[in-house]
Amino acid sequence: MDLRQFINDLEKINEVQVVDGADWDLEIGAITELSNERKGRALLFDKIKGYPEGFRIIVNLVSTPKRLAAAMGYPADVHSIELVRLLKDTFKNLEPVEPVYVAKGPVQENILRDEQVDLLKFPSPKWHELDGGRYLGTGSMVVMKDPKDNWVNVGTYRTQLHDRDTLGLDIVRGNHGDLIRQAYWAMGKPCPVAVVFGAHPKVWIPAFMGLPWGVEEFRISGGLLGKPLELIKCEYTGLPVPAHSEIAVEGECLPPEVETREEGPFGEWPGYYGSGAHMEAVIKVKTIMYRNAPIILGSPPLRPPSSSSGSHVMRAANIWHELEKLGIPGIKGVWNMRSGGSKLLNVISIEQKYAGHAKQVALASMSGSEGGSHGKFTIVVDDDIDPSNDEEVLWAMATRCDPDTSIEIIHNCWSSSLEPTLTREKKLKGDITSARVIILATRPYHWKKDFPVVNRASNSLREKTLKKWADVLS
Ligand SMILES: Cc1cc2nc3c(=O)[nH]c(=O)nc-3n(C[C@H](O)[C@H](O)[C@H](O)COP(=O)(O)O)c2cc1C
Ligand SMILES: [Mn+2]
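Conventions used here
Residues numbered from 1 in each chain as written. Chains lettered and ligands numbered in written order. Predicted model: local features only at pLDDT ≥ 70, side-chain atom pairs only at ≥ 80, totals over all residues. Helix = DSSP H or I, 4+ residues; strand = E, 2+ residues; numbered from the N terminus. Rg over C-alpha atoms; globule rule 2.2 N^0.38 Å. Contact = placed C-beta atoms within 7 Å. Core = buried A, V, L, I, M, F, W, Y, C linked by C-beta atoms within 7 Å. Buried ≥ 20, exposed ≤ 12 C-beta atoms within 10 Å, placed from the backbone. Domains from an automatic or database assignment. Pairing = 2+ DSSP bridges. Axes fitted to C-alpha atoms, helices over the stretch in contact; angles between N-to-C directions. Nonpolar A, V, L, I, M, F, W, Y, C, P; charged D, E, K, R; others polar. Near = placed C-beta within 6 Å. Parallel < 35°, antiparallel > 145°, perpendicular 65-115°, else oblique. Left-handed = near helix turned anticlockwise from the far one by under 90°. Arc of directions from axis to C-beta.

For the protein, the helix and strand inventory stands at 13 helices and 22 strands. Computed over the C-alpha atoms, the radius of gyration of the protein is 23 Å, within 12% of the 23 Å expected from 2.2 N^0.38 for a compact globule of 474 residues. Dimensions of the protein along its principal axes, counting C-alpha atoms only, are 75 × 55 × 40 Å. Partitioning the intrachain contacts of the protein with sequence separation of at least 6 by distance along the chain shows that 70% fall at a separation of at least 24.

Within the secondary structure layout, Gly430 lies in the loop between α11 (424–428) and β22 (433–441). For the pair Gly430 and Ser417, spaced 13 residues apart in sequence, the C-alpha to C-alpha distance is 9.3 Å.

This part takes up the nonpolar core. Val84, Val143, Ala194, Val241 and Val380 are the most contacted members of the largest nonpolar core, which has 114 residues in total. Counting contributing residues, this core receives three or more from each of domain 1 (96–297) and domain 2 (311–450).

With that out of the way, let us pick up the sheet that holds strand β3 (residues 56–59). With mixed pairing, 4 strands are arranged side by side in an open sheet as β1-β2-β3-β17. At either end of the open sheet lies a strand with only one pairing partner, and these are β1 (16–20) and β17 (295–297). In this sheet, adjacent strand axes meet at a mean angle of 25 degrees when their direction is disregarded. As defined by bridge partners, β1 adjoins strand β2 (residues 42–46) across 5 bridges and the pair is classed as parallel. If you follow Val18 over to β2, its bridge partner there is Leu44. Lying on the sheet, helix α2 (residues 27–37) is in contact with β1, β2 and β3; it crosses β2 at an angle near 160 degrees.

Here 5 strands make up an open sheet; going across it, the order is β18-β19-β20-β22-β21 and the pairing mixed. The two strands at the open ends of the sheet, each matched to only one other strand, are β18 (331–336) and β21 (407–414). Averaged over all adjacent pairs, the angle separating strand axes in this sheet is 20 degrees, with direction ignored. Looking at chain direction, β18 and strand β19 (residues 345–350) are connected through 5 bridges and run antiparallel.

A word on the domain arrangement of the protein. Partitioning the protein into structural domains gives domain 1 (96–297) and domain 2 (311–450). Computed over C-alpha atoms, the centres of domain 1 and domain 2 are 31 Å apart. Tallied by class, residues from the side of domain 1 that touches domain 2 come to 9 nonpolar, 5 polar and 2 charged.

Attention shifts here to the site of ligand 1. Taken together, 21 residues lie near ligand 1, and Gly155, Arg158, Val172, Asn175 and His176 sit nearest. Taken together, the residues that form the shell around ligand 1 break down as 6 nonpolar, 13 polar and 2 charged.

Across the 6 residues that make up strand β11 (residues 191–196), a large majority, 6, are buried. The two faces of β11 match: Cys191, Val193 and Val195 on one face and Pro192, Ala194 and Val196 on the other face are all buried. Across 3 bridges, strand β7 (residues 141–145) lies against β11 in antiparallel orientation. By the bridge assignment for β11, Val143 is matched with Ala194. With 6 bridges connecting them, β11 and strand β14 (residues 247–253) associate as antiparallel partners. Bridging from a neighbouring strand, Ala194 pairs with Glu250 of β14.

Looking now at the environment of Gly271. Within the fold, Gly271 resides in the loop between β15 (260–263) and β16 (278–290). Separated by 148 residues in sequence, Gly271 and Glu419 place their C-alpha atoms 10.0 Å apart. If we skip the residues at most four places from it in the chain, Gly271 touches Arg303, Pro304 and Gly341.

The geometry of helix α3 (residues 65–72) relative to helix α4 (residues 80–93) is characterised by a closest axis approach of 11 Å and an angle of 25 degrees between their N-to-C directions. Regarding the angle of α3 to α4, the classification is roughly parallel. Judged by the twist between their axes, the crossing of α3 over α4 is left-handed. For the pair α3 and α4, contact is made by Pro65, Leu68, Ala69 and Met72 and by Leu83, Leu87 and Thr90, respectively.

Moving on: the packing of helix α6 (residues 201–208) against helix α7 (residues 217–225). In the contact formed by α6 and α7, the axes pass within 8 Å of each other and the chain directions differ by 140 degrees. When the axis of α6 is compared with that of α7, the two are oblique. Our pair here, α6 against α7, has a crossing hand that is right-handed. Mapping the contact onto sequence places Lys202, Val203, Pro206 and Ala207 in α6 and Glu217, Ile220, Ser221, Leu224 and Leu225 in α7. Within the contact of α6 with α7, the residues separate by chemical class into 6 nonpolar, 1 polar and 2 charged.

Our focus in this paragraph is helix α5 (residues 176–186). Inspection of α5 places His176, Gly177, Ile180, Arg181 and Tyr184 among the buried residues, and these make up the whole buried set. An end-on view of α5 places all buried positions within 125 degrees of arc, on one side of the element. On its buried face, α5 is in contact with β7, β8 (152–155), β11, β14 and β16. Positive phi shows up at Gly188, right after α5, with a value of about 75 degrees.

Right, let's get into unusual backbone geometry. It is generally the case that most residues other than glycine have a negative phi and that most peptide bonds are trans. Omega for the bond connecting Gly264 with Pro265 falls within 30 degrees of zero, at -5 degrees, which places this linkage in the cis form. In this structure, Pro265 sits in the loop between β15 and β16. Cis geometry is adopted by the peptide bond preceding Pro305, which originates at Pro304 and carries an omega value of 10 degrees. Mapped onto the elements, Pro305 comes out in the loop between β17 and α8 (311–325). You will see that Ser80, though not glycine, has its phi angle at about 40 degrees, which is positive. Structurally, the position occupied by Ser80 is in helix α4.

Dropping the structure here:
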């Protein structure tokens, strides 16, 4: 179960297109964006300008419901809320599977050590016009081991190409990889790290889900695969990477006192160059491993409503899962409006069962490992509203929300430095927090029965009319 196997699967259903001869310098980024807007196929860039044939990049891999469903092994025609429900149930029923170490794997077909290390061998794109550099890691997996309890975390964090053996590593403060590297730095040590550039979606997806502290993403990948994920041990750090990775590097993330470099600007998922150019820690790469004809998984942030990763769908499923784990009844659906990127416009539909239920759901939804991370608007709707239908949600908001009583602002929440409204002053103070808004677009529970009745034709009248007037209405 590797990335190239999945690309073969996509080929069989005509969901991937090979693009020859594009330039890493803005062309690949712009093609990715334009094709994503057109809901095009996944694109496999080859014969990239200045690079040998076979050094490829795949983009828009699981950016449509069809390809995400294909990756997960679901029926091809599931959409929106049904896809979210399937994903939620998959995670609810998932049994983590312990990975296994194998002596050798395809990722070791080529190994570059010490002076041979040269990250410029790979076609890292400059994705957006104002990016401060080229990014090898956008759909990557960053592997670290917690120095205290020895569990292995995997997170998707961007890596900028600085030079032959140096990568910038930009991690949102509070994400697991940030907490782990700080624990090494507090001991005056560099943080051992490995980065994977290219894996099967079932291996990759857990790396960008908000899973609890201490949960090993590789065990979740195994649960999705239904068998142990095969790992090899890196020779310098001893960290594990999937044996079937396309490219993997290992090295050390240096304490900021030792070295930082200017990172960014980078076109980010809210649709701005929000965090700008700033000093960030770097990884000094000691070993590079790669398969023959390696395929980089590229997943550049795109201005909403575009998304190259489908992560708004995964996040909706995970928030739903988190709410169910808490045992809160009546959750009917969860969605993230694409206009809010993956995180800023979360919608939850509920069957209101008691006074205060809607507010409880809203508060709980922003408190878990997934929901707690950098949200902004949380909109709760009744169960007659399809949360994945933006127009219905906005109608509910326009009509059932009483601004006097149904909107609440919660200040100083966990955020990230790419939040567009976060001022420079706040960032400089290290106050990376922002407010979140709860919008209860539900009929007020205590006078729900008296709330004005919706003037849409009843289902029975609609059915009868559709039948009788089929020639007019078909
Ligand atoms: C395509 C993509 C790119 C991402 N880039 C970053 C990033 O550069 N830095 C970051 O901290 N989080 C990034 N994230 C979000 C994290 O992967 C996510 O918060 C995840 O939960 C992190 O793993 P952790 O919980 O183990 O820290 C990205 C997510 C996706 C889908
Ligand atoms: Mn984690």
